Amino acid sequence: MTEIELLSWARGPGLQIATIVFVAGVVIRILEILLLGRKANLAEAKGSEMSNGLRTIVTRTIPDKTTFKRSSVTIVSGYVFHIAMFIPLFFFAPHILFFKDVIGVSWPSLPGAVVDAFAVISIIAMIAVLINRLTNRVMRYLTNFEDLLVWLLTFLPLITGYFAFHRIGLTAPSLLAIHLLSVEVLLIVFPFTKLMHTFTLFLARWYNGAISGYRGVAS
Amino acid sequence: MSTVNSPRFNIQAGSELTRNVEPLLHEIRHALQTFLDTGETSIIDLRSIPLAPGEEDSIINTLGQGEVQALLDVLGPSEIYETKYAGVWIVTHYNDDDNIISRFVEITDSPDVLKSQREDVVDALNALVTELGTDKT
Amino acid sequence: MTKDLNLKNGSLTEISPEKGTLGETLRKQGVSRRSFMKFCATTASMMALPPAMIPSIAKALENARRPSVIWLSFQECTGCTESLTRAHTSTVESLIFDSISLDYHHTLQAAAGHGAELAREVAMEENYGNYLLVVDGSIPLDNPGYSTIAGISNLDMLNEAAKGAAAIIAVGTCATYGGIPHANPNPTGAVSVKDIIKDKPIINVPGCPPIPVVITGVLAHFLTFGSLPELDHIGRPKAFYGQSIHDRCYRRPFYDKGQFAETFDDEGAKKGWCLFKLGCKGPTTYNACATTKWNNGTSFPIESGHPCIGCSEPDFWDGGGFYKALSMPTDNLTQTLKYAAAGAVAAGVTVGVMNRSKKNTSNKIHVKTTLEDLEK
C-alpha cells in the first residue's frame, strides 16, 4: 500500500466507518439515557426545573472558589487545553472545508500562525494535564487504563496535526493520512469511553440544576 | 533584447509575495563581502528559487544596470552585464527562440564565460596557422 | 532473417553509438568552449544542482560517452514524448539529445516495420549491459493482447529489453505507478515497470506528463555522472521531486494567511490567492513545477490559476476528485451521516423501549418480602 493509497483510504472508507460508529454510538447512548426516564415526582413542584437546569449548565461551568483552590492545576490546564483545542479544530481553513462538505455550513477561518499557536498551547496543556494526573497522588489513585487511553487518543490527532502542518519527519501524504487515521480512531472509541462527556456533561449539569429547581432550593 | 522581461501575467504581484526577494538580495550582499575578503566568487541560480510573477524582475530592477554590457552568440544569444553594484553580474542564457533557459547572478570580477577559453584559443591558433599556410602557397 | 542482415550492414550502422567522448563529438561539430560552458551552466540549472558544481559537470560531460538509449512505449498516450520533444526546441537542450544515441523510439524514429524492430534488436545486442532503457506507458497483465508491438506483448518486450539494460528510466505516471490505465477499475490489469522488473535500477520520472527538463535533466545526470541520481522512497530523483509543490509555491503565503480563492472567478482568484479550497493537491504532491515551471519557464498550473491535480503521485486519478479539497472526505459523508443517525435513532428507541419494558417487568414480578416469608 502506497502512502497515497493510505491517504485515499483514510479520506474514503476509513472516514465512512468512523463516522458510522461515531454517530450511531453517540445517538444510541444519548437516547438510552433519555428514554430511561425518571419516576414521577409526587411532591409539589416549588420551582422551575427547566430554568434552573439551564442556569446550572452555565454556572457549573465556572468553578467555585473552594474547588478552584483545591485543584487549580487540573482546572486551569483543563480549561486551557479545551479552549485551545477548539481553535485548530474549528478555525483551521482545511477543517472548515471538511465541515462544510459534511454539514454544508462554513464560517471564516483564522490565519495559519494563530491556529498553530493555539495548537501548541493545547499540546502543552495536555502534557501538563498528564503530568498532573501522574504526579498528584490522589489523581494517580483514581486513574485507570481508560483515562490514559482517552488521553492518548485525544493527544494523537493534535500532535499528528501539528506534525502534518509543519511537515515534520515524513512526507506530506503520510503525515496527512496518519492525522486522519488518528481522528478516525478517536471517533470510533468516542461513544464507548469517557469522551462521551462532550455531550453528557450538558445533560448532567442540567439535571443537577433541575432537581434543585423542582425543590425550590438554590443550586 | 531588454534586460527586463515584459510582464506576461494577468495576476498582479503583491509587494511581498514569496518573501524571497529580500533574502536573495542579502545573499548577494554576503557573497560580495566574501568576494572582497577572500576573493572567492559565487554564482546564484535564479531559477532555483520560487518566485512569484514579477519578483525576478523586481530583483533585476533593484540591481540595476552598470558600466559593462556584453552580448554573446553561443548556441543562441546570451547576455552578460554588470549591475550598478560592481562585482555583481547578471548572466542570462537564451535559446534560439529568445526564451530564457537559465539565469544566474555571478559575484566575480568578470564571469568566466566572458573570457577567451584556452581550448578555443588552441583552435584559433590552428585556424590562423592554416589560414597563413594557405595564403603563402 | 538473412534478408534483414543486409539492413544491418546498410543504413542501420549509423544508428549504433559513435565512439569517442561527448567533448570530442561537440568539438567536431564546431561547438565552442564558451557554448559548452553555457550548455553546462544550463544543464546544472536543469538538474537543479548548485552552480558551484558547474566545473565538475563540465569535466564529466566532456569525458562522457554517448550511451545507447532504447525507448519503449506501452499503454500510453504519447503525451510524455510530446512533452520531451518540447524540450528539444532550443539549441542547448538539443545538445543533450546529440549526446545520446536514441536507437529505438517508435514515435520519433524514421524506420518502420521490420527495420524498426531490427534497430531495437541490434542496439540491444551491441550494447548489451550498457544501454539505457526508457519506458513510458503501463504494462497490461490481464490479456497480453491488450497492447502489443510487432506482435510482441508489452510484458515480453519489457522483460527482454530490461535484461541487457544498465538502468531503466520509467517516464510518466503510467510507467512509474500505472497511471490512468491503472486507475479504478483497471480493465487491462495495468501495472508499472517496477511491478515487473525487480533486478535493475529504475528511476521513476512521474508526471502526466513529466516536465520536459526533468526528463532531460535525468538523462543529463546519467550522462554526467554515469550513475543514477539520488532517489526518494518511491524511486523519484530527489533533485526534482524533493520538495512539495506547496512548499515551493509562490502562493504559499496566502495559504498561511488563510486567504483562499473560493471559486475560479471570485475576487480571491483574481488576486492570485491560494487554490487549496478549489482542490489543489500541492500539499501532497512532490514535483519541480513551482520552480522549473513549464513552457520554457513561462508558468505552471497554479500560476495560471488552476489547482495542482497531483499528477506525479501514485493513483492521483483515484484521489477523490481534482476539485475536492484535500481535507474533504472523498465519499459522500453527509449521506452516511444521515443514514447512520436515522438508523441510530431507530436502534436507540428500540433499546430504550427494551430497557423500559425490562424495568417494568422487574417491577411487576417484584414481590415484597413479608413477615410470613421470614418466619417460614
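Residues numbered from 1 in each chain as written. Chains lettered and ligands numbered in written order. Predicted model: local features only at pLDDT ≥ 70, side-chain atom pairs only at ≥ 80, totals over all residues. Heavy atoms only, no water.

### Notes on the interface of chain B and chain C
No. 1: If you look at the interface, chain B gives 41 residues, while chain C gives 33 residues.
No. 2: When chain B packs against chain C, the two sides together hide about 3100 Å² of surface, and 58% of this comes from carbon and sulfur.
No. 3: Applying the counting criterion to the chain B and chain C interface returns three salt bridges.
No. 4: Across the pair D120 of chain B and R27 of chain C runs a salt bridge whose closest N-O atoms are separated by 3.4 Å.
No. 5: Elements that contribute at least two residues to the side of chain B that touches chain C include exactly β1 (42–45), β3 (77–82), β4 (88–94), β5 (100–107) and α3 (118–136) of chain B.
No. 6: When residues of the side of chain B that touches chain C are assigned to their parent elements, the largest contribution, four residues, is made by β5 of chain B.
No. 7: For the side of chain B that touches chain C, the class distribution of residues is 20 nonpolar, ten polar and eleven charged. (Contact = heavy atoms within 4.5 Å. Buried area = accessible area lost by both parts, 1.4 Å probe. Salt bridge = Lys/Arg side-chain N within 4 Å of Asp/Glu carboxyl O. Helix = DSSP H or I, 4+ residues; strand = E, 2+ residues; numbered from the N terminus. Nonpolar A, V, L, I, M, F, W, Y, C, P; charged D, E, K, R; others polar.)

### Remarks on the domain arrangement of chain C
Residues and elements named next belong to chain C.
No. 1: For chain C, the assigned domains are domain 1 (2–240) and domain 2 (245–318).
No. 2: Distance from the C-alpha centre of domain 1 to the C-alpha centre of domain 2: 29 Å.
No. 3: The partner domain 2 presents 15 residues to the 20 residues of domain 1 that form the contact.
No. 4: Between domain 1 and domain 2 lies a buried interface of about 1400 Å² when both sides are counted; carbon and sulfur atoms form 63% of it.
No. 5: For E313, the salt bridge is made with R236, and the minimal N-O distance between the two is 2.8 Å.
No. 6: Connecting domain 1 to domain 2 are six residue pairs in polar contact (both at pLDDT 80 or more).
No. 7: The residue inventory of the side of domain 1 that touches domain 2, partitioned by class, reads 13 nonpolar, six polar and one charged. (Domains from an automatic or database assignment. Polar contact = N/O pair within 3.5 Å; in protein donor to acceptor, adjacent residues only side chain to side chain.)

### Side note on the packing of aromatic side chains
No. 1: Tallying each qualifying case throughout the model produces 19 aromatic pairs over all chains.
No. 2: Each ring, one from F260 of chain C and one from F276 of chain C, has its centre 6.3 Å from the other, and the planes form 55°; the classification is tilted. Of this pair, F260 of chain C sits in the loop between α15 (252–257) and α16 (267–270) while F276 of chain C sits in the loop between α16 and α17 (289–292), placing them 16 residues apart in sequence.
No. 3: Owing to a relative accessible area of 5%, F260 of chain C belongs among the buried residues under this scheme.
No. 4: Owing to a relative accessible area of 5%, F276 of chain C belongs among the buried residues under this scheme.
No. 5: Ring centres of F264 of chain C and Y323 of chain C lie 6.0 Å apart, and the angle between their planes is 80°; on these two criteria the pair is classed as edge-to-face. Here the residue F264 of chain C occupies a position in the loop between α15 and α16, and Y323 of chain C occupies one in the loop between α17 and α18 (333–365), the gap between them amounting to 59 residues.
No. 6: Members of the aromatic cluster, each reached through a chain of ring pairs, are F86, F90, F98, F99 and W107 of chain A.
No. 7: The ring centre of Y104 of chain C lies 5.6 Å from the NZ or CZ of R120 of chain C, which sits over that ring. (Phe/Tyr/Trp six-rings, centres within 6.5 Å; stacked < 30°, edge-to-face > 60°. Buried < 20%, exposed > 50% of the residue type's maximum accessible area, 1.4 Å probe, protein only. Lys NZ or Arg CZ within 6 Å of the ring centre and 35° of its normal.)

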